[in-house]
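Spelled out from the first residue to the last, the chains are:
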Amino acid sequence: MEKCLLCQPFGLEDQEIVFENKTCLYIQSPQNQTILEGSGLIIPKAHRPSVFDLTQEEWNDTYSLLAFAKAYLDRTLKPDGYNIGWNSGEIGGQHILHAHLHVLPRFSDEPYAGRGIRSWLKSPSNKRPQNV
C-alpha cells in the first residue's frame, strides 16, 4: 500500500520493533512516551485496512504478541492496569487505515486513572441528535 505509515514501520520516526512473529509486529516509540508511558501497537505485517480484515493467523499472532507485550510491560513498568483497543474506520477514530491494536499500560497516579476507553463515549455530550 502506497504511503501507509504502518506498512513500513521502520520509516516511522522513533519507532522500535520490540517483538515480532510470523505475521505481526509489536512496536513502541520509547523516545516519545511523555504521556502514555509504555504504550505500543500490534500491527499485521501485511496491509489490512481494519481489524475486520485480519486473517485467523494474524488474530492468533496478535494474541501471542499481546501476551508477550503484557509480560514485558509488567516486568519493566509494573502498570496497575491496561487499556487494549482497536479503532476501526475514520468515524471510529482510526486515523491510519492499517489495522493496529493499541496496548496502553495504565497507572494509579494518572489523572484519568479508573476511567475506561468508553468513559467519554458515554458522556451526554456525545448523544446523537434526535431525528426529526
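To keep things clear, this report deals only with the structure shown in the data block. (Residues numbered from 1 in each chain as written. Predicted model: local features only at pLDDT ≥ 70, side-chain atom pairs only at ≥ 80, totals over all residues. Heavy atoms only, no water.)

Taking strand neighbours across the sheet as the criterion, the 5 strands line up as β1-β2-β3-β5-β4 in an open arrangement whose pairing is antiparallel. In the strand order of this sheet, the two ends are held by β1 (16–20) and β4 (81–86), each with one partner. Between one strand axis and the next, the sheet turns by 25° as a mean value, whatever way the strands run. Bridge count for β1 against strand β2 (residues 24–28) is 4 bridges, and the pairing is antiparallel. Each bridged residue has a counterpart across the sheet, and for E16 the counterpart in β2 is Q28. The sheet contacts of helix α1 (residues 56–76) involve β1, β2, β3 (40–44), β4 and β5 (101–106), and relative to β2 the element is tilted by about 30°. (Pairing = 2+ DSSP bridges. Helix = DSSP H or I, 4+ residues; strand = E, 2+ residues; numbered from the N terminus. Axes fitted to C-alpha atoms, helices over the stretch in contact; angles between N-to-C directions. Contact = heavy atoms within 4.5 Å.)

Attention now goes to the pairing of β3. Among the 5 residues of β3, 5 are classified as buried, and the element is accordingly described as predominantly covered. Side-chain alternation along β3 places G40, I42 and P44 on one buried face and L41 and I43 on a second face that is also buried. Note that β2 and β3 share 5 bridges and pair antiparallel. Paired with Y26 across the bridge in β3 is I42. (Buried < 20%, exposed > 50% of the residue type's maximum accessible area, 1.4 Å probe, protein only.)

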